[in-house]
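Commentary on secondary and tertiary structure
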Amino acid sequence: METGSLKFTYCNTNTREVSSEIGALFPGFGSDEVLLVMSPHDDDAVIGAGYAMLAARQAGAEVYVMIFCRGDAGYSTLEEKETIEAVRERETVACYERLGVDASHIVRM
């Protein structure tokens, strides 16, 4: 996803500051930043921090996602049990790549 044309609004809930500058969300943010989003499950980071990941990428940061779940319990039928981890991994990579997160920046624990 190309983020160059998106306009972000940042809200610091501690100070109640609303700004068009990413420093409101990440004080002291520089163009060489790295953002690591830790996620209990494959989709939690994109649901909870997708906006921040897009904004950080647009501001020049490298974005990484660390997932703490193997995804092996996410099957709906017994037939899926042996293949569900690979399926979840492919789905996860496809999802985060749409946000511009490279597959090599997705770490599964």
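Residues numbered from 1 in each chain as written. Predicted model: local features only at pLDDT ≥ 70, side-chain atom pairs only at ≥ 80, totals over all residues. Heavy atoms only, no water.

**Some points on the overall build of the chain**
Across its full length, the chain holds 2 helices and 5 strands. Reading the helices (α) and strands (β) of the chain from amino to carboxyl end gives β-β-β-α-β-α-β. In the chain, which comprises 109 residues, the share counted as buried stands at 30%. Here the contacts in the chain between residues at least 6 apart in sequence split such that 64% fall between residues at least 24 apart. With an accessible surface of roughly 7,000 Å², the chain has 52% of that area assigned to carbon and sulfur atoms. If the 9 positive side-chain charges of the chain are averaged to one point and the 18 negative ones to another, these points end up 4 Å apart. (Helix = DSSP H or I, 4+ residues; strand = E, 2+ residues; numbered from the N terminus. Buried < 20%, exposed > 50% of the residue type's maximum accessible area, 1.4 Å probe, protein only. Contact = heavy atoms within 4.5 Å. Areas by Shrake-Rupley, 256 points an atom, 1.4 Å probe, with all protein chains shown as cover. Lys, Arg positive; Asp, Glu negative; His and termini not counted. Charge placed at Lys NZ, Arg CZ, Asp CG, Glu CD.)

**Notes on the pairing of strand β3 (residues 34-39)**
Only one face of β3 is covered, namely the one carrying Leu-35, Val-37 and Ser-39; the face carrying Val-34, Leu-36 and Met-38 has none of its residues buried. Alignment of β3 against strand β4 (residues 62-67), held across 6 bridges, turns out to be parallel. Residue Val-34 lies in a different strand from β4, and its bridge partner there is Glu-62. Crossover handedness for the path β3 to helix α1 (residues 44-58) to β4: right-handed. (Pairing = 2+ DSSP bridges. Right-handed = clockwise from strand over helix to strand, strands pointing away.)

**Some details on the nonpolar core**
In this structure, Met-53, Val-65, Tyr-96 and Val-101 are the most contacted members of the largest nonpolar core, which totals 20 residues. Looking at this core, the element that brings in the most residues is α1, giving 6 residues. If sequence neighbours within four positions are ignored, Met-53 has contacts with Leu-35, Val-37, Ala-45, Val-46, Val-63, Val-65, Tyr-96 and Leu-99. (Core = buried A, V, L, I, M, F, W, Y, C linked by side-chain atoms within 4.5 Å.)

**Some details on unusual backbone geometry**
Phi angles above zero are rare outside glycine, and Arg-16 is one such case at about 60 degrees. Structurally, the position occupied by Arg-16 is in the loop between β1 (10-12) and β2 (17-19).

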